[in-house]
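Observations on chain architecture
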Amino acid sequence: MPCVPGLQQILIGQDFARSHSCLSVGPQGDPSRMLRIIARAALLAGALALGACGFADSRAPVPEFMRMKETEQAPPEPPPDVKRVVREQIDVVFLNTSYPREVHVAPPHREVRGPGWTACVRAQLTSATGTALGNQTYIVTITGGKVIDRRRAEADDICGSEVYEPI
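Below you will find a few notes about this structure. Everything quoted here is computed from the prediction, not taken from an experiment.

1. Focus: unusual backbone geometry
Even without being glycine, Tyr-99 reaches a positive phi, approximately 45°. Counting through the fold element by element, Tyr-99 comes out in the loop between α4 (90-93) and β1 (101-105). You will see that Glu-102, though not glycine, has its phi angle at about 50°, which is positive. Within the secondary structure, Glu-102 sits in strand β1.

2. What about the environment of Glu-102?
Looking at Glu-102, the relative accessible area reads 55%, which means it is exposed. Along the sequence, Glu-102 and Ala-123 sit 21 residues apart, while their C-alpha atoms lie 5.4 Å from each other. Residues in contact with Glu-102, not counting those within four places in the same chain, are Arg-122, Ala-123 and Gln-124.

3. Digging into the layout of surface pockets
Estimates place the volume of the largest pocket at around 390 Å³. Lining of the largest pocket is provided by 18 residues; of these, Glu-111, Arg-113, Thr-118, Ile-139 and Arg-151 occupy positions nearest its centre. At the level of elements, β2 (109-110), β3 (117-126), β4 (132-143) and β5 (146-152) are the ones that each hand at least two residues to the lining of the largest pocket. Of the residues in the lining of the largest pocket, the class split is six nonpolar, six polar and six charged.

4. Let's talk about the environment of Thr-118
Summarising the element assignment, Thr-118 is placed in strand β3. Each C-alpha atom of the pair Thr-118 and Pro-80 lies 9.5 Å from the other, and the pair is 38 residues apart in sequence. For Thr-118, the residues in contact, after removing those within four places along its chain, are Pro-107, Pro-108, His-109, Glu-111, Ile-139, Val-140 and Thr-141.

5. Describing the side chain of Asp-157
Inspection of the secondary structure puts Asp-157 in the loop between β5 and β6 (165-166). There is a polar contact of 3.1 Å between the side chain of Asp-157 and the side chain of Arg-151. Within the local environment of Asp-157, its side chain forms a polar contact with the backbone nitrogen of Glu-154, the two atoms lying 2.7 Å apart. Setting aside its immediate chain neighbours within four residues, Asp-157 contacts Ile-139, Arg-151 and Arg-152.

Conventions adopted
- Residues numbered from 1 in each chain as written.
- Predicted model: local features only at pLDDT ≥ 70, side-chain atom pairs only at ≥ 80, totals over all residues.
- Heavy atoms only, no water.
- Helix = DSSP H or I, 4+ residues; strand = E, 2+ residues; numbered from the N terminus.
- Buried < 20%, exposed > 50% of the residue type's maximum accessible area, 1.4 Å probe, protein only.
- Contact = heavy atoms within 4.5 Å.
- 1 Å grid on protein atoms, 1.4 Å probe; cavity = no way out; pocket = protein on both sides within 12 Å on 5 of 7 lines; lining within 4 Å.
- Points joined across faces, edges and corners; volume = space filled by probe spheres on them.
- Nonpolar A, V, L, I, M, F, W, Y, C, P; charged D, E, K, R; others polar.
- Polar contact = N/O pair within 3.5 Å; in protein donor to acceptor, adjacent residues only side chain to side chain.

Written as structure tokens, this is what we have:
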């Protein structure tokens, strides 16, 4: 049977041409030698996995060149002109088939979970069947002068205590 380099020789970098020992793979092999080989393979795999983690964050106790740079935060947006934004994007806030009338807006508030602004919008709406729905209030999220989201206002929102102005 030809002599094949063992995993141990490969892992520790021994030159097989100079080494005369071969890994015994039969039942007569040394079990402790096989355990050492498996242990070294596990250590190598662990080292490779840790090396793949990438760079440390900006506050990690490692040399400066290994730290990730902190991302610069963009300056906050100025408050949007809610009247203009809602007037120009009324079809984003309300469905065309709801025929929004008497549209009023409240002053904007800085978005809690993002860089934009939120504002309450109230209007008289009509259902798809043509019946009057009455006053309906929505909260719109405005980022970069565009309405990016809208949802119906709920009882725990601040829309009930806002001061509204017509658009």
